[in-house]
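# A closer look at the structure
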Amino acid sequence: MALDDQPLSVVANVGFRRLMEILEPRYVLPSRHYFTEKALPAAHKKLRDHLQDKLADDFRGAHTAERIKEAIQGMLDSWGIDKSRVHVIVRDNARNMKKAMDDMGVQSVGCLTHTLQLAVHEGLLSQRSVVDTLATARKIIGHFKHSPLAYSRLEDIQRDLKMDVKRLQQDVQVRWNSSLYMLQSLLEQKHALLVYGGSYNLPATLTTAQWTLMEKTAEVLVPFEQLTRDVSMATASAADVIPAITALRRLLSQEKTTDQGVKTMKSTLLAAVETRFAGIEEEPLYSIATLVDPRYKDRYFTESDNLSIAKDKLIQEVAKMEQRAATASEEPEAAVAEPTSKKKRQEASSSLGSILDEILEENQLESRSVSTSAEVQVQTYLLEQTSNRKSNPLQYWKQNGSRFPPLADVATKFLCAPCTSVDSERLFSAVSNVLDEKRNRLSADHVEKLIFLRKNLHLILPEYVSESESGDEE
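Residues numbered from 1 in each chain as written. Predicted model: local features only at pLDDT ≥ 70, side-chain atom pairs only at ≥ 80, totals over all residues. Heavy atoms only, no water.

The terminal C-alpha atoms of helix 8 (residues 176-188), which comprises 13 residues, lie 19 Å apart, in line with the 18 Å expected from a rise of 1.5 Å per residue. Buried residues along helix 8 sit against helix 5 (112-124), helix 6 (128-145), helix 9 (190-199) and helix 10 (208-231). (Helix = DSSP H or I, 4+ residues; strand = E, 2+ residues; numbered from the N terminus. Expected span 1.5 Å × (residues − 1). Contact = heavy atoms within 4.5 Å.)

Written out as structure tokens, the structure is:
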């Protein structure tokens, strides 16, 4: 079933059962319930344990800072990468990881999504009424998860009400966005659940005040979920951090008439965001990346001192690139500049997007006197109109690199850094497609090579990979 993507109901198909009777009349085919409740969980646990054993072969023992440092250094050595060429390493927020990077002498930044997870977790637990409501919601969904009869009754009610038949989503307490999805699924099925509660017993019921609180809580958490999705994309970079956090701060600080009941949660969320992201504008990895991103430039800094320092550091980086360039003394031929007139911006599709556009319009750059070549390049670039927020910053520098060669080199360097480790963590999901029961003798080295090919084959065979992906979609 798992290998061939067959539905669990295949064991109940008349044709399949007759085939099994012909092949082996003495064999009693188990029911679908057996495969769902026993066989599938057992196979899942067996494979999970097998993968954990396989992946742990090369990294046994305690994950101390020294061990992590040795492992990363060995990886760099195996690829022939000198430590001086490492721009930044994105890590989680564990102390052993941070210490390992510091001991190595390489720059590192924490994963943005991990930090957001901690901030939201603090906000959700700050208000007792929200915690109690989430607990009640889990009891209701647990009732349907453990009772097929209850689910079938709920589905009948959904059909009677002309609603789409959908299943409720259970949350995982360590993942805040799953709690948001749980609330949204309950709110979507509110009418059906109220009808169900009038005819059948439930282990818990939601009051009118709790339904209202769920709506407001979901509304507060939606910008966090949108931000998590945006920065988790493969194209997201360190340049997205400062604008996103600036917009999130403003959004949380805005008072609305509908905030009654969630004011404590909003204020705690804002305080957590302020605390955990207090120094992002002072971090050159973020500030310079933001400046060289044509979508943001210098429009999203909240402190003028931090902006001045960031510009100075950018000018220093450009000056270094000029010194390294063989033709540093030759001025590039001027190209046609982008029009400075304001372009009609695409209408924001969400509250977070509207805040980003609002901040951008408020911060228009004023010209000032400049002297050095590096200052001229930076000032000229910053005075031009920002690009559309949905555009690709690397495409901009590909088209405008001839106008600002050293500045384009700086952009290439700083925009290469992702802001989360999500894209790397996605590779762990791909392991299940490589290690299975038919290929359970693969060594850790072979698994690493297969995963590496899966992730990077498009770099040398783009046409082949694209054709393969289009075929899979069909």
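Next comes the rest of the write-up.
Turning our eyes to something else, we now look at a nonpolar patch on the surface. A surface patch of nonpolar side chains, about 500 Å² in accessible area, is lined by M75, W79, I81, F452 and L453. Tracing the backbone through its elements, the reader meets M75 in helix 3 (residues 65-78). (Patch = residues over 30% accessible without salt bridge, like charges linked within 9 Å, V, L, I, M, F, W, Y side chains within 5 Å. Areas by Shrake-Rupley, 256 points an atom, 1.4 Å probe, with all protein chains shown as cover. Salt bridge = Lys/Arg side-chain N within 4 Å of Asp/Glu carboxyl O.)

So, about the environment of M233. Within the secondary structure, M233 is located in the loop between helix 10 and helix 11 (241-253). By relative accessible area, which is 46% here, M233 ends up partly exposed. A sequence separation of 185 residues divides M233 from P418, and the C-alpha atoms of the two residues are 9.3 Å apart. (Buried < 20%, exposed > 50% of the residue type's maximum accessible area, 1.4 Å probe, protein only.)

Pairing between side chains of opposite charge can happen when their charged atoms approach one another. What the rule picks out here adds up to 18 salt bridges. We note a salt bridge from R26 to E24, for which the minimum N-O separation is 3.0 Å. Given a relative accessible area of 72%, R26 falls into the exposed group. Using a relative accessible area of 29% as the deciding quantity, one classes E24 as partly exposed.

The subject of this paragraph is the packing of helix 6 against helix 8. Remark: helix 6 packs on helix 8, axes separated minimally by 11 Å, with the N-to-C direction vectors making an angle of 65 degrees. The pairing of helix 6 with helix 8 is recorded here as roughly perpendicular in orientation. Regarding helix 6 and helix 8, the two cross each other, and that crossing is left-handed. The residues of helix 8 that touch helix 6, namely those facing L134, A137, R138 and I141, are S179, M182, L183 and L186. (Axes fitted to C-alpha atoms, helices over the stretch in contact; angles between N-to-C directions. Parallel < 35°, antiparallel > 145°, perpendicular 65-115°, else oblique. Left-handed = near helix turned anticlockwise from the far one by under 90°.)

To continue, consider the environment of S126. Assignment of secondary structure puts S126 in the loop between helix 5 and helix 6. Accessibility expressed as a relative area gives 27% for S126, which makes it partly exposed. Sequence separation between S126 and L269 is 143 residues, and the spatial gap between their C-alpha atoms is 8.8 Å. When sequence neighbours within four positions are dropped, the list of residues in contact with S126 reads T264, M265 and T268.

Under the defined criterion, the tally for this structure stands at 10 aromatic pairs. Members of the aromatic cluster, each reached through a chain of ring pairs, are F144, Y151, Y196 and Y200. Over the face of the ring belonging to Y151 we find R167, whose NZ or CZ atom lies 3.8 Å from the ring centre. The side chain of K297 reaches across the aromatic face of Y381, ending 4.5 Å from its centre. (Phe/Tyr/Trp six-rings, centres within 6.5 Å; stacked < 30°, edge-to-face > 60°. Lys NZ or Arg CZ within 6 Å of the ring centre and 35° of its normal.)

Our next topic: helix 17 (residues 393-400). Since one α-helical turn is 3.6 residues long, residues separated by three or four positions face the same way. Taken together, the buried positions of helix 17 are P393, Y396, W397 and N400. Within helix 17, the buried residues cover an arc of 90 degrees as seen down the axis, which keeps them to one side. Seen from the open side of helix 17, the exposed residues pointing more than 90 degrees away from its buried face are K398 and Q399. The elements touched by buried residues of helix 17 are helix 16 (373-383) and helix 18 (405-414). With a side-chain oxygen positioned 2.9 Å from the backbone nitrogen of L394, the residue opening helix 17 is N392. (Arc of directions from axis to C-beta. Polar contact = N/O pair within 3.5 Å; in protein donor to acceptor, adjacent residues only side chain to side chain.)

A separate point is the side chain of D171. Considering the arrangement of structural elements, one finds D171 in the loop between helix 7 (148-160) and helix 8. Since its relative accessible area comes to 7%, D171 is described here as buried. A distance of 3.0 Å separates polar atoms of two side chains, one belonging to D171 and the other to R138. If we ignore the near neighbours within four places in the chain, the residues touching D171 are R138, S178, S179 and M182.

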